[in-house]
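Structural description and commentary
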Amino acid sequence: MKVLTDVMEQVIKRNPNETEFHQAVSEVLESLEPVAEKHPEWLKAGLFSRIVEPERQVCFRVTWVDDNGNVQVNRGFRVQFNSAIGPYKGGLRFHPSVNIGIIKFLGFEQIFKNSLTGLPIGGGKGGSDFDPKGKSDGEIMRFCQNFMFELAKHIGADTDVPAGDIGVGGREIGYLFGMYKKLRNEFTGVLTGKGLEWGGSLARTEATGYGVCYFMEEALNAKGKSFKGATVSVSGSGNVAIYATQKVHQLGGKVVAMSDSNGYIYDPEGIKLDTIKRLKEVERQRISKYVESHPSATYTEGCSNIWNVKCDIALPCATQNELDGEAAKTLIANGCYAVGEGANMPSTPDAVEQFIKNKVVFGPAKAANAGGVATSALEMSQNSMRYSWSFEEVDAKLKNIMVNIYKGASEAAKEYGQEDNLVVGANIAGFLKVASAMYAQGIL
Ligand code: NDP
Ligand code: 2IT
């Protein structure tokens, strides 16, 4: 459709070199063709050109002093993409690869993901090109404090509520929260993923990984399949990968491969998660160390080779574009029949095409990994009530949300003539609510 092609051209022209952002927008706009045809009033209201432009983006200098007394300079970002259905909500990523294009792709995806949860949260994302690897606790703390010094001017419990993402976990959220509280002299739910003693929600740590499995179990059940007895590969070994692996094991599957950015381990007897948790959550070590205590396992250099391992179900839980068309073909040739995206946009467009064409049960990131942010929204509710729910209560709500996301995406896919295509279904279902809200609120 000409209007959507024009929007895409404008996005490329206006945001040169932001390839990940182009990729994310292009996929969504393609899915929205039938919606645009059905809603001429949205076209007239310029809704499609508006939704691809962030409401606000801030970029700032973060200066800090390392343990050797050297001054270090990093760049901080917060993109406040869309607030039609609630305060901006989305994680902070600390990784040397971070730039404005990456934060914008993540923020854009977040709009639709957050809408799919059914909870009142808008879309945003932030982060820094700061590399936490090899830094002391003191360096991490000083960086977080200086980052928050600036970020505090732009966020708030009813304005914008950041959380974790790659390189930002409980430790970082603690330092960020402490500094926000000191600067504002107020104790509010301005961040999620907080510690349990100071406003955090039970099950938030587990939520993204568990949610991916709840979503995929529902999608698999619809095809007469399940995790029970399945062999599973999970890329990454961070927050999402660890708790996805835990839930796969609880559901009766066996995870045989995990990775980090250096390489992957293969343990045909099933990965021993206690070892991974010790190495990654406590010692902050490389995954190669796993083989030292598990002789049944092997380590292979190069993280993308994990997709050569034969598996029934693949859960990419590391980072964007980690699974390309060739890897998708290899997985399919080896009998893989389901893929659930724990990471944001881990499959390249070629890979997604392979999965859809070959009828692989494919859970796209926006839908499959929405459990993390959904539970963040539950943390916000608990903070507002000054009350907390039990683990079982939060977990039950999370499961219910994931089942509903599956239903919403699969129904939208069917309604728009693309049965079983959850990519199209999730994009449409996520978009409809935000679009109606933007339309109702006028030309802004
Ligand atoms: P963590 O920092 O806890 O873990 C990230 C993992 O991915 C690590 O194993 C890391 O390896 C690996 N990784 C990171 N970057 C790369 C890279 N460029 N190449 C290869 N491997 C890489 O992050 P999370 O587990 O929180 O996040 C993982 C993914 O899930 C991200 O895409 C994130 O956006 C997404 N996500 C996270 C949510 C959350 O609640 N945390 C919610 C929804 C999505 P290494 O240690 O070697 O760097
Ligand atoms: O990508 C994501 O959804 C997250 N990193 C979690 C965001 C959140 O606000 O919990």
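These figures come from a predicted structure and were not determined experimentally.

1. A look at the site of ligand 2
Lining the immediate surroundings of ligand 2 are 14 residues, of which K89, K113, D165, R204 and S376 lie closest. One of the side-chain N or O atoms of K125 is found 3.0 Å from an oxygen atom in ligand 2. The separation between a nitrogen atom of ligand 2 and a polar side-chain atom of D165 is 2.9 Å. Out of a free accessible area of 290 Å², ligand 2 has 94% covered by protein chains. Put simply, the parts of the chain that give the shell around ligand 2 at least two residues each are β3 (88-94), α5 (100-116) and α15 (371-385). Across the shell around ligand 2, the residue classes break down as 2 nonpolar, 7 polar and 5 charged.

2. Quick look at the site of ligand 1
Taken together, 26 residues lie near ligand 1, and D165, T208, S261, R286 and N344 sit nearest. Side-chain polar atom of R204 to an oxygen atom of ligand 1: 2.9 Å apart, as the coordinates give it. In the model, an oxygen atom of ligand 1 is placed 3.4 Å from a nitrogen or oxygen of the A318 main chain. Contact with the protein chains hides 84% of the accessible area of ligand 1, taken as 890 Å² for the molecule alone. Mapped by element, the contributors of at least two residues to the shell around ligand 1 are α8 (204-221) and α9 (239-250). Among the residues forming the shell around ligand 1, the class breakdown is 6 nonpolar, 13 polar and 7 charged.

3. What to know about the sheet that holds strand β12 (residues 361-363)
Strand order in this open sheet of 7 strands is β9-β8-β7-β6-β10-β11-β12, and the pairing throughout is mixed. Edge strands, defined here as strands with exactly one partner in the open sheet, are β9 (298-301) and β12. Neighbour-to-neighbour, the strand axes of the sheet open up by a mean angle of 15 degrees, direction not taken into account. Of the strand pairs in this sheet, strand β6 (residues 231-235) and strand β10 (residues 313-316) are connected by 4 bridges, and their pairing is parallel. Paired with V234 across the strands is L315, a residue of β10.

4. Considering the nonpolar core
In this structure, F215, F227, V232, M258, I276 and L315 are the most contacted members of the largest nonpolar core, which totals 57 residues. Among the elements that make up this core, the one with the highest residue count is α8 (9 residues). Look past the residues within four positions of I276 in its chain and what remains in contact with it is S237, I242, M258, I265, I271, E281, I287 and Y290. In terms of nonpolar packing, the next biggest core, distinct from the first, is built from 40 residues, V35, V98, L106 and Y416 among them.

How each quantity is defined
- Residues numbered from 1 in each chain as written.
- Chains lettered and ligands numbered in written order.
- Predicted model: local features only at pLDDT ≥ 70, side-chain atom pairs only at ≥ 80, totals over all residues.
- Heavy atoms only, no water.
- Near = heavy atom within 4 Å.
- Polar contact = N/O pair within 3.5 Å; in protein donor to acceptor, adjacent residues only side chain to side chain.
- Areas by Shrake-Rupley, 256 points an atom, 1.4 Å probe, with all protein chains shown as cover.
- Helix = DSSP H or I, 4+ residues; strand = E, 2+ residues; numbered from the N terminus.
- Nonpolar A, V, L, I, M, F, W, Y, C, P; charged D, E, K, R; others polar.
- Pairing = 2+ DSSP bridges.
- Axes fitted to C-alpha atoms, helices over the stretch in contact; angles between N-to-C directions.
- Core = buried A, V, L, I, M, F, W, Y, C linked by side-chain atoms within 4.5 Å.
- Buried < 20%, exposed > 50% of the residue type's maximum accessible area, 1.4 Å probe, protein only.
- Contact = heavy atoms within 4.5 Å.

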